[in-house]
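Examination of the molecular architecture
Residue-level listing of the chains:
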Amino acid sequence: MRMATFSDWVRARSDEQLVALLDHRPDLASPSPATLLSLAARATSRASLHRAASTLDAAHLVVLESVAVLGGAGTTVTADRLVEATAPDDPAPGHAADVLAVLADLESLALVWSPDGTALRVAPGVDEIQDAYPAGLGPPDRSPERPATAPQEDGPVDADDVEDVLGALDDAPPGARSILAALMWGPPVGRVPSTAGSPTAVPTRWLVRHGLVRHADAQHILLPRHVGLALRGGRTHRGLPRPPEPPAEQRARPTVDAEAVRSAQEVVRFVTEVLLDWQEVPPHALKAGGLGVRELRRLAQRLETDQTTTAFVVELAAMAGLVADDGDDPASYSPTLDADDWLEADVAQRWAALASAWLPSARAPWLVGSRDDKGVLRNALDPELHRSWAPRLRGEVLGVLRSAPLAPLSAHDVLAVLRWRTPRSVPPVETLAAILHEAHLLGLTGAGALAPTGDVLADVPAQTVPDAGAVTALGERLDALLPEAVDDLLLQGDLTGVVPGRPSPTLEALVAESADVESRGAALTVRFSPASVTRALDAGRTGEELLAELAAHSPTPVPQPLEYLVRDAARRHGQVRVGAAASYVRVEDPALLAGIVDDPRLHALGMFRVAPTVLVAAAPIGQVLAALRERGVAPAMEGPDGQIVHADRRTPRVRVTGRRARRLVHAARPVAAVPPEVRRERLAGLVADLRRSTPPDRPVPDPGAEDVGGTPDQGTAADRSTGPRAGRSGDHVGAHGAGTTEPVVALGMLREAAADGREVWLEMVGAHGVPQRRRVRPLRVDAGRLRAVDVARESELTVAVHRIVAVEHIAPEGPAAPPEVSGSVPPADPPHDPKEPPHA
Amino acid sequence: MPDGPLIVQSDKSLLLEVGHPQADAARRAIAPFAELERAPEHMHTYRLTPLGLWNARAAGHDAEQVVNVLLDYSRYTVPHALLVDVAETMSRYGRLQLAQHPVHGLVLQATDRAVLAEVMKSRRTAGLLGDRVDDDTVVVHPSERGHLKQVLLKLGWPAEDLAGYVDGEKHAIDLSPTDPSKGGTPWEMRPYQQHAVDGFWHGGSGVVVLPCGAGKTIVGAGAMARSGTTTLILVTNTVSARQWRDELLRRTTLTDDEIGEYSGARKDVRPVTIATYQVLTTKRKGVYTHLELLDARDWGLVVYDEVHLLPAPIFRMTADLQARRRLGLTATLVREDGREDEVFSLIGPKRYDAPWKDIEAQGYIAPADCVEVRLTLPERDRMLYATAEPEDKYRLAACAPGKNRIVEQLVARHEGDPTLVIGQYLDQLEELGEHIGAPVITGATTVKERQRLFDAFRTGEITKLVVSKVANFSIDLPEASVAIQVSGSFGSRQEEAQRLGRVMRPKADGRTAHFYAVVSRDTVDQDFAAHRQRFLAEQGYAYRIIDAEDLDQATEDHVD
């Protein structure tokens, strides 16, 4: 009975195990695979393996690497051996349990499997996603291309002899030991001394002669894998990596809260200011989309902050759907209909809307101001300014912050944690710093540590849009942190006023309208000036009303200078009056004018007297002329510049519609959150379907193969393009009963065969378009190509995968390959030429 | 403390609630490191500046104390970034020290090698530093001591000057125990003056900030007595020089022969020499001709009067005087040219500071009633003003003829009280002088004539004087209790401080001083006045605005 294959193992998994697999590796379930065989094939595809590996933490990767080194390519390794191989110098008592737990995880992810239930090996294809020198070990010595049938003189020593040779190291020239020590834990490549007189030349020669190292090329020596392992005492790693310790520094809870609240209030104020500014004069969008540098600078001045912060604020407003491109030509950015609701909400809810829009947004505001590959400056609101990984990274950063309560984390601290959690996908430290800065500006952190507000946001499931409940919870949490509102305004003789705390909404509105802010923070200092008081009068208050309102908020009487200032401003306010009229009538004779203004027939014109000899009319000039002519006066029309146009300063709101606008809101709209139970239920249904469509024993050609074509593997589209021929070959292979035409499954079978060193029948279309059928031993499936050894012709061939029509198992009449070959895979990235003559 | 009197803003301003029970304790606690920016009735505003924090460091306060004070008195959580910034800023002072090395003379020592490396690499220190003695020490050319301190401050690493001072030529000076002008009654320094002298002497060199009328001259005399060496006193003008001389004769054991005047008129160099800034900064053929005065004697002490007016050339000369003790006297560290940092690096850190209101509360300066009288221009003048060229507008508004009548009214109201009318424009002043029958002092008046008029004013022989801006600085008119300002130089706050100072000297009978400003409504005059008043209000002086038409009844209530 031949050894069980990976597909067999997958088929043998229980339903629960399969559900867990699909749950942890969602890419396998979407789109739904047709059979368990195609599921197994998909699980071994390079893209899927990369994806799975990128979610592993450093400890899992170490164990996986260890299994790959010790249990790759047709060999297996026991769990006990792995515990030893990853033991630290002084193993802690929990080490074995840790390793076993990690192994269980890896098995549930189908990265490690067990052909016989006890011994372990890596899934096919895992070898290929390892580093060039996994675990810092050199390639295994005997490669299939050059079977070590007749060891040459000075050739590599056998694994069994290594111990002896190492024992003889005492006799080695000085320096040999240190060379070995340097190469021992990798990288296993060293430079050959350039001159014969170099102090390391002699020991190097000795090591090469005794087969402890060999030449990789003319300049480099390489420590072979078995020697490295022997030197390490059979270990692959010096223990499992531990998660980094968070910094010991701690912030006080009140400090964190206060800082976070301060930032949260600030960012809400900034966004509010932007909306108020843009509703008066909407800035034009650049031709390529985005906000011009000049406008950004102007806005930064208005907000009294730097341009980076301003860019973030503008982007944040867009994320929350508060501003959008109005779609006109030329386009400009205006507040949306949502902005009106937002402006009416209280600080906490306004903030919650911003924070919950930030988390799932794929926008990348930190790139504003940098230059792209072509050297073009990136502008705020640039439609191209999004990164699909941004939502995930934001979630991860919040998660890391949460894992270290009250500790101020720098970008480097976060990086260290991420390096442990997902060593395969570590973001640049600058990006982390940018995201931390965003969290700081939003008030999710305070003094560098996660604030309670950020904690609520960190609860939102990864890469999902927070639902209404979460938004409300966010607002409530901030509301609880906000200091109590103060309703007192201390008015002073130098025309300043101080609100000794957070102003209540009515007080805030009053001072915003009637005074200029001098200093913000825990308290608010404002200054009254003629201009600011005039502003309040413009808004419809009278001087007396304003004084009464100020007095109502002031615990002391309004100081005389301020009272004088308000009265003085009120006196001057309205000295010059401006109104709107469509036309005017000038008459030299006041008596005639009086007749016109009192004539009931002319009332429809809406005329009234502004001076003894001047009337203005609401009706346009044409109507007035006609009406006056009808009445019998002979009016003359004055020059064309008598017309005053009433201009509403507010521009119409735009609706968020169309793709362009949506992209600003969520450039890559993440999926809505699905509760885990629902998801698992769905997966269980899928597994049941898979079981039904997969015969217990062997795979059949899958008529639904086209449906699976969405997997991110190479050659799929090409295969589809050769449809007719594929179909015909499929029939042909189908006659044999063991082949497959489904490209993903075919590739899976090739990978399995490569991992096991087995031979298969390969149906392929040759260079001249002629179908061929060859018996090959696959070596490697990589980058859209298959490398294989044609057993009959004793030659190596490389086939583009889209030329592969079908793959078929060879009937298990005997051992598929010579035993000494079966356990080998080609080195992942062979740096050496095996034909190179040994060093003389 | 959740209910503290202090609110710490993130923009580094501190708001102090005056009515709070702990306000006084908090005020005393923050005074060493925060600059009082304004002191209106309810909330005083202080500001944290690097100079202020370094002043505190120089006075021996460390960052921990400052942070603790903020935390102790703050009502709300203190912004974290601000605390970090305070600690960071304060730690910068003193990492570099100027010291005397037994072998190499003047050296710059570092307690932080990286800082030394940074400043040595800077292009600005090129030529100021000599050879490196060891890793932490580098030789400084003795002539560049002041210049180096200026540069280091600009680089943000102010050096602590521990290099000491030359002893100077000994000359015994004592404070006289009695006051000859008051019939030999005994007197002694007021407590705050004594504190100021102690603070200065302890610190070596530095600036003492006292309000006008608080007796800065006496602090100078006290410092001279403590020093007991020959002294060079630099003052703003000749009148001021005479007053220093009179005050020194009165307060110390110095005799007439021991005090020399070095001015445009006389060039005496005596153990105590009083020189004017003007004569020192006189240039002939591009050279300062009177520089030798600085080396004429081995001065043990250099006193700078009115530091905030110190002209730029004096700064450059001072850079060469770093080995001598330096005392700066001023009413305000605010310089309209923003060169506070040069005062810090060249004269020294602030050594003593007392808010006006405190000293007023102690009865050493007079309380003041500040009133702005607004004059509505007649129709014709308004038209004239509206159509005038912008550069003429202020003059037109300031010299409005209607002001004469108001001044007349005010003078009549305070008939018999010593009254000063202060203005900017000479023809206006001449006219006013005629109008109210008072002598006019301008830049053209001879020193002798000025002295005569001042003396007559002091003795009560005349009660009204019209003065131009020459009277702004350092004239001492002890009994002026009413000041009427008709025009000023474009709203200078400093000028306002000086003018207010004219009436702030304590009155024998403890009367309230009156300070009037007459302005034309709806003109630039009013805008400038607003700027000046802001200063008054910030200093804690309530002021009222009344319309000229209401003058009669409005002042009725306040004249006693």
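Source: prediction; values computed, not measured.

All names here are of chain B. Over its 13 residues, helix H7 (residues 191-203) extends 18 Å from the first C-alpha to the last, a length consistent with the 18 Å expected when each residue adds 1.5 Å. Turning to H7, its buried residues number three or more, namely Gln193, Ala196, Val197, Phe200 and Gly203. Summarising the axial view, the buried residues of H7 lie within an arc of 145 degrees, below the 170-degree limit, and thus occupy one face. Counted as exposed and oriented over 90 degrees from the buried face of H7: Pro191 and His202. Contact partners of the buried residues in H7: helix H2 (50-58), strand E12 (206-209), helix H8 (216-227), strand E19 (325-330) and strand E20 (350-353).

Residue and element names in this part refer to chain A. In the Ramachandran plot, Ala110 falls in the positive-phi region, its phi being about 60 degrees despite a non-glycine side chain. Tracing the backbone through its elements, the reader meets Ala110 in the loop between helix H7 (95-108) and strand E1 (112-113). Phi at Glu794 takes a positive value of approximately 50 degrees, unusual for a residue other than glycine. Along the chain, Glu794 turns up in the loop between strand E22 (785-790) and strand E23 (795-800).

Residues and elements named next belong to chain B. Note: strand E5 (residues 96-101) against strand E6 (residues 105-110), 6 bridges, orientation antiparallel. Residue pairing across strands places Leu96 opposite Ala110, the latter belonging to E6. What sits between the antiparallel neighbours E5 and E6 is a turn of 3 residues.

A separate point is the nonpolar core. Among the nonpolar cores identified, the biggest contains 205 residues, and Val271(A), Val313(A), Ala317(A), Leu354(A), Ala355(A) and Val208(B) are the most heavily contacted of them. Per-element tally for this core: the top contributor is helix H12 (residues 253-280) of chain A, with 11 residues. Excluding anything up to four places from it in sequence, Ala355(A) contacts Leu442(A), Leu444(A), Leu457(A) and Leu474(A). Membership of the second largest hydrophobic core comes to 76 residues, among which are Leu36(A), Ala43(A), Leu56(A) and Val789(A).

At the interface, 23 residues of chain A touch 24 residues of chain B. Of all the elements in the fold, those that place two or more residues in the side of chain A that touches chain B are H12, strand E12 (496-499) and helix H25 (560-572) of chain A. Take the side of chain A that touches chain B: its biggest share by element is 5 residues, from H12(A).

Averaged over every residue, the pLDDT of chain A is 79; residues scoring 70 or more account for 82%. Segment residues 643-649 of chain A: pLDDT under 50, and 4 contacts once partners within four positions in sequence are set aside and those in other chains are kept.

What follows covers the packing of helix H18 (residues 411-421) of chain A against helix H19 (residues 429-442) of chain A. Residue and element names in this part refer to chain A. Packing of H18 against H19 leaves a shortest axis separation of 9 Å and a crossing angle of 115 degrees. Both H18 and H19 take part in a crossing whose hand is right-handed. Of the residues in H19, those in contact with Ala411, His412, Val414 and Leu415 of H18 are Val429, Leu432, Ala433 and Leu436. Residues of the contact of H18 with H19, tallied by class, amount to 7 nonpolar, 1 polar and no charged.

Quick notes on the rules
Residues numbered from 1 in each chain as written. Chains lettered and ligands numbered in written order. Predicted model: local features only at pLDDT ≥ 70, side-chain atom pairs only at ≥ 80, totals over all residues. Helix = DSSP H or I, 4+ residues; strand = E, 2+ residues; numbered from the N terminus. Expected span 1.5 Å × (residues − 1). Buried ≥ 20, exposed ≤ 12 C-beta atoms within 10 Å, placed from the backbone. Arc of directions from axis to C-beta. Contact = placed C-beta atoms within 7 Å. Pairing = 2+ DSSP bridges. Core = buried A, V, L, I, M, F, W, Y, C linked by C-beta atoms within 7 Å. pLDDT = per-residue confidence, 0-100. Axes fitted to C-alpha atoms, helices over the stretch in contact; angles between N-to-C directions. Left-handed = near helix turned anticlockwise from the far one by under 90°. Nonpolar A, V, L, I, M, F, W, Y, C, P; charged D, E, K, R; others polar.

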